[in-house]
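# Chain and residue survey
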Amino acid sequence: MGVPCVPQRCHPDVPPCPPEMSPWVSPTSPGDATPLGTHLPLEMTPQLSPASPGDATPRGMPAGGGLLCGASGLALLLAATATHFWLQRRVPGGTASLGLWRACLEGHCRPHPGTPALWEATRVLMLLSVLTAAAGLALGLSVAASTARRARARVAGVALLLAAGLLALLGLAVYTASTLSLLGPARTAWHFSWSYILGWVAVVLISSAGLFHLCAAAKDPSPESSEVAGA
């Protein structure tokens, strides 16, 4: 019985393997075999495209979220400003409600006979917020529709949306403080109603729309948008 061969000479009494039996050479053809551990030529190596960190999240997702939040926030802001259910209370035979423009009693509405100065300030701030949010949403739509002047339009849209959220926030804060002060002891009979709540929800949505557009600018591969996001 012969001595088993090994790839290398480990002992002086053990002969080395012949080439055709070596585990480092393919048994089919000794001349065509490729030793293990040898790198394949470059053209035979499968090329894998490098995965960039931003490929996991589509670039259009932040911009689409910004448009959705902006449109929803603008609709709620319009509803809050136009309706007359900022304050509400129960009265014999029905309910009474107050808005920025009208006072209603049992379904019969009429303009405010006299409006406090702070409520006037709330009207102005809410109207400015509506106009600014509409302008920011229009710029966001123009960026989504065309790539021309994308960076400048995007940074203007972000600034307008954030300004709209800030104006609405100031308006709601002024209204809250002035209402609690004006009603005095009678404020226990009144409560803030759904128009007032819609205003706060609109603030969150419009501010989120501005932040979504800011994230979209950061993910935009164009050099101009990268400079805008970095600024």
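Structure report, in brief. (Residues numbered from 1 in each chain as written. Predicted model: local features only at pLDDT ≥ 70, side-chain atom pairs only at ≥ 80, totals over all residues. Heavy atoms only, no water.)

Turning to the nonpolar core, a few remarks are in order. In terms of nonpolar packing, the biggest core is built from 27 residues, with L77, W86, L87, L98, M126, Y175 and I206 touching the most fellow members. For this core, the secondary structure elements donating two or more residues are α1 (60–82), β1 (87–91), β2 (94–98), α2 (117–145), α3 (150–183) and α4 (194–219). Residues in contact with Y175, not counting those within four places in the same chain, are W86, L87, L100, W119, T122, F192 and Y196. (Core = buried A, V, L, I, M, F, W, Y, C linked by side-chain atoms within 4.5 Å. Buried < 20%, exposed > 50% of the residue type's maximum accessible area, 1.4 Å probe, protein only. Helix = DSSP H or I, 4+ residues; strand = E, 2+ residues; numbered from the N terminus. Contact = heavy atoms within 4.5 Å.)

A complete count under the given rule lists 7 aromatic pairs for this structure. Pairing W86 with Y196 gives two aromatic rings, centres 6.1 Å apart and planes at 65 degrees, and the pair type is edge-to-face. With W86 in the loop between α1 and β1 and Y196 in helix α4, this residue pair connects regions lying 110 residues apart in the sequence. Judged by its relative accessible area of 9%, Y196 falls in the buried class. Between F192 and Y196, the ring centres sit 4.2 Å apart and the planes meet at 20 degrees, which makes this aromatic pair stacked. The rings of W86, W119, Y175, F192, Y196 and W200 are connected pair by pair, giving a single aromatic cluster. (Phe/Tyr/Trp six-rings, centres within 6.5 Å; stacked < 30°, edge-to-face > 60°.)

Attention now goes to the pattern of salt bridges. Counted according to the given criterion, the structure contains 1 salt bridge. Among the salt bridges present, the one from R123 reaches E120, with a minimum N-O distance of 3.4 Å. Of this pair, R123 and E120 are both found in helix α2, 3 residues apart, which corresponds to roughly one turn of the helix. Accessibility expressed as a relative area gives 34% for E120, which makes it partly exposed. (Salt bridge = Lys/Arg side-chain N within 4 Å of Asp/Glu carboxyl O.)

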